Amino acid sequence: MSKVVKFGGSSLASAEQFEKVGSIIRAEAERRFVVPSAPGKRFGNDTKVTDMLYGCYALAEADKDFAKELKAIKARYEEIIKGLKLKLSLDDEFVTIEKNFKEKAGKDYAASRGEYLNGIIMANYLGFEFIDSATVIFFNEDGTFNAEKTHQVLSKRLEGLENAVVPGFYGAYDNGKVKTFSRGGSDITGSIVAKAIHADVYENWTDVSGCLVTDPRIVKNPQKIEIITYRELRELAYMGASVLHEDAIFPVRQEGIPINIRNTNDPGNSGTWIVGSTGQKSKYVITGIAGKKGFCSINIEKDMMNSEVGFGRKVLQAFEESNISFEHLPSGIDTMTVFVHQDEFMDKEQKVVSTIQRLAKPDTIDIESDLALIAVVGRGMKSTRGTAARIFSALAHAHINIKMIDQGSSEMNIIIGVANDDFENAIKAIYDIFVETCL
């Protein structure tokens, strides 16, 4: 059995945290491949090393002196090395980094050094082999991830190795120039490594004990999700839930590898399991609640709209011509409503409206702004009667007006539109009716 274990920045922010990570890895021989992030914050108003690197490189790019800033970054790593009592020097690495900064190697190179240096320390601390991600993870010329080449090279490189450390977040173009994933991309690296070795489990260690039913900034101490399917997670992630980088789901999903979200500071907690499918019932009817503010709705009315062939295409063409994607499209017999992101729409509002008038010739167009969309997601909803009724009841009891409700054909999610001002109270009301009443 083999496991890939990825540790986030908060898990590796200090020597003390490194020791916790070391204990976790050594507790199970199956934890053979490690993907570290750059050191995160040690305390509330501390600065992440990645942000320090960005700031340092900005000075280099502007031809300003950056010696002080680079020295501060080096001190962060030396503090970890000293705390772990390692016989390791990063002097040569920092000489190379200074040279490359002066030669303007790029922001991606600068940002990637956080994971690169932490990977060297981690490999030295564990006695594992260090593999520079720039030699095994590849990007195409247009900046997209080259999955095929990466899988081929990485699989061959890891074949036969007992243990290895592969830094997260970055790879390289074919010419060797470093390229990073988007922020939080260490999750993706862990997923890629798990696929390459056909891991039994991909453990993603962070500072929370798994996925929560809803945002803890809105609901105090929400319950943990014990098990969630990839489809459910994708629905929640799309609507703003952020425990795992969205692109990290696909490589392991293709291989049927489960993900286990765990807490470095509470290793005894089983965390959340993310799986392809499961016969286990959710603890509650719903699995999770997530949402976003900042939408607007464009309501189009026209008599006999339902019998006019191509009406919907004409309306959507108006948005396409302005390069605006739509979020939801609830409709009635003579009405059609398009929900879009407000910040994308407002500058192009009149252009879109005039194009709809020209192409579709509706009777009326009404626009409402400052709306929020909330997704209620759960595989248990399909087999439970009255889910929508309970949502209506909860929101009515909280004196919240529903602007829109849209249920997917999979019956796994229900989207509710409310005013921005009602967003937090709506999530609390839905959480209370489905979770608090069951406790």
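For clarity, every value in this text was computed on a predicted model and none was experimentally measured.

**Student:** I tried to follow the overall build of the protein chain on my own but got confused; where do I start?
**Tutor:** Along the backbone of the protein chain there are 14 helices and 16 strands. On C-alpha atoms alone, the protein chain measures out to a radius of gyration of 25 Å, which is about the 22 Å that the 2.2 N^0.38 rule sets for 439 residues. For the protein chain, the spread of C-alpha atoms along the three principal axes comes to 75 × 50 × 40 Å. The contacts of the protein chain with a sequence gap of at least 6 include a subset with a gap of at least 24, amounting to 75%.

**Student:** It is not clear to me how the sheet that holds strand β15 (residues 404-407) should be interpreted in this structure. Could you clarify?
**Tutor:** By way of backbone hydrogen bonds, the strands of a sheet pair with one another, either parallel or antiparallel. Taken in spatial order, the 6 strands of this open sheet run β12-β13-β11-β14-β16-β15, and their pairing is antiparallel. For this open sheet the edge positions go to β12 (326-328) and β15, each flanked by a neighbour on one side alone. For this sheet, the mean angle separating the axes of adjacent strands, direction not counted, is 40°. For strand β11 (residues 288-301) and strand β13 (residues 335-341), the ladder comprises 7 bridges, and the chain directions are antiparallel. Bridge pairing in β13 links E301 to T335. Seen against the sheet, helix α10 (residues 311-321) touches β11, β12 and β13 and runs at an angle of roughly 25° to β13. Strands in contact with helix α13 (residues 387-397) are β14 (364-377), β15 and β16 (413-419); relative to β16, the strand with the most contacts, it is inclined by about 20°.

**Student:** How do you make sense of the packing of aromatic side chains when you look at a structure like this?
**Tutor:** Evaluated as defined, the whole model comprises 11 aromatic pairs. Where F66 meets F101, the ring centres are 5.9 Å apart and the plane angle is 50°; that geometry is what we call tilted. With F66 in the loop between α2 (49-61) and α3 (67-83) and F101 in helix α4 (residues 91-102), this pair connects stretches of sequence that are 35 residues apart. As far as burial versus exposure is concerned, F66 and F101 are alike and both buried.

**Student:** Can you walk me through the sheet that holds strand β8 (residues 227-229) in this structure?
**Tutor:** Here 8 strands make up an open sheet; going across it, the order is β3-β4-β2-β1-β7-β9-β10-β8 and the pairing mixed. Edge positions in the open sheet fall to β3 (129-130) and β8, since each of these has one partner strand only. For strand β1 (residues 3-7) and strand β7 (residues 201-206), the ladder comprises 5 bridges, and the chain directions are parallel. For V5, the partnering residue across the bridge sits in β7 and is E203. Helix α8 (residues 230-238) rests against β8, β9 (259-263) and β10 (272-275) of the sheet, and its axis sits at about 85° to β8.

**Student:** I tried to follow unusual backbone geometry on my own but got confused; where do I start?
**Tutor:** Negative phi characterises most residues that are not glycine, and trans characterises most peptide bonds. A positive phi angle, close to 60°, is found at K85, a residue other than glycine. On the secondary structure map, K85 appears in the loop between α3 and α4. A relative accessible area of 73% places K85 in the exposed class. The phi dihedral of F169 falls on the positive side, at around 85°, and the residue is not glycine. Tracing the sequence through the fold places F169 in the loop between β4 (164-165) and β5 (170-172). The class of F169 is buried, set by a relative accessible area of 3%.

**Student:** How do you make sense of α13 when you look at a structure like this?
**Tutor:** What sets the pattern is the α-helix's 3.6 residues per turn: residues three or four places apart point alike. T387, I391, A394 and L395 are the residues of α13 that are buried. Viewed along the axis of α13, the buried residues span an arc of 95°, placing them on a single side of the element. Seen from the open side of α13, the exposed residues pointing more than 90 degrees away from its buried face are A396 and H397. Buried residues along α13 sit against β14, β16 and α14 (423-434).

**Student:** Explain the pattern of salt bridges to me, please; I cannot follow it from the model alone.
**Tutor:** Side chains carrying opposite charge are able to pair once their charged atoms draw close together. By the definition in use, this model includes 24 salt bridges. Measuring nitrogen to oxygen at the nearest pair gives 2.7 Å for the salt bridge that ties R42 to D46. With a shortest N-O distance of 2.9 Å, E129 and R157 are connected by a salt bridge. With a gap of 28 residues between them, E129 in strand β3 and R157 in helix α6 (residues 147-158) connect regions that are remote in the sequence. One salt-bridge network, held together by shared partners, links K3, E28, R31, E203 and R262.

**Student:** Which parts of the structure should I look at to understand the pairing of β11?
**Tutor:** The buried fraction of β11 is high, at 10 of 14 residues. Where β11 lies against β14, 12 bridges are found, and the strand directions are antiparallel. The residue of β14 that forms the bridge with I300 is I365.

**Student:** Honestly, the side chain of N413 in this entry has me stumped. Any pointers?
**Tutor:** Inspection of the secondary structure assignment puts N413 in strand β16. Owing to a relative accessible area of 8%, N413 belongs among the buried residues under this scheme. Separated by 3.3 Å, the side chains of N413 and E235 make a polar contact.

**Student:** Hey, could you run me through the packing of helix α1 (residues 15-27) against α3 in this one?
**Tutor:** Between two packed helices, the angle of one axis relative to the other and the distance separating the axes together describe the packing. Running from amino to carboxyl end, α1 crosses α3 at an angle of 55°, the nearest separation of the two axes being 8 Å. With respect to their mutual orientation, α1 and α3 come out oblique. Between α1 and α3 the crossing geometry is right-handed. Within the contact between the two elements, α1 uses A15, F18 and E19 and α3 uses E79, I80 and G83. Of the residues belonging to the contact of α1 with α3, the class tally is 3 nonpolar, 1 polar and 2 charged.

**Student:** Just to check I follow, could you spell out the nonpolar core for this structure?
**Tutor:** Most often, soluble globular proteins keep nonpolar side chains buried together rather than apart. By size, the foremost hydrophobic cluster in this structure holds 72 residues, and its most contacted members are V4, L158 and I430. Setting aside anything within four residues of it in sequence, one finds I430 in contact with I289, I374, V376, I391, L395 and I416. Core analysis: the second largest hydrophobic core is formed by 44 residues, A15, C56, Y109 and A123 among them.

Conventions we followed
Residues numbered from 1 in each chain as written. Predicted model: local features only at pLDDT ≥ 70, side-chain atom pairs only at ≥ 80, totals over all residues. Heavy atoms only, no water. Helix = DSSP H or I, 4+ residues; strand = E, 2+ residues; numbered from the N terminus. Rg over C-alpha atoms; globule rule 2.2 N^0.38 Å. Contact = heavy atoms within 4.5 Å. Pairing = 2+ DSSP bridges. Axes fitted to C-alpha atoms, helices over the stretch in contact; angles between N-to-C directions. Phe/Tyr/Trp six-rings, centres within 6.5 Å; stacked < 30°, edge-to-face > 60°. Buried < 20%, exposed > 50% of the residue type's maximum accessible area, 1.4 Å probe, protein only. Arc of directions from axis to C-beta. Salt bridge = Lys/Arg side-chain N within 4 Å of Asp/Glu carboxyl O. Polar contact = N/O pair within 3.5 Å; in protein donor to acceptor, adjacent residues only side chain to side chain. Parallel < 35°, antiparallel > 145°, perpendicular 65-115°, else oblique. Left-handed = near helix turned anticlockwise from the far one by under 90°. Nonpolar A, V, L, I, M, F, W, Y, C, P; charged D, E, K, R; others polar. Core = buried A, V, L, I, M, F, W, Y, C linked by side-chain atoms within 4.5 Å.

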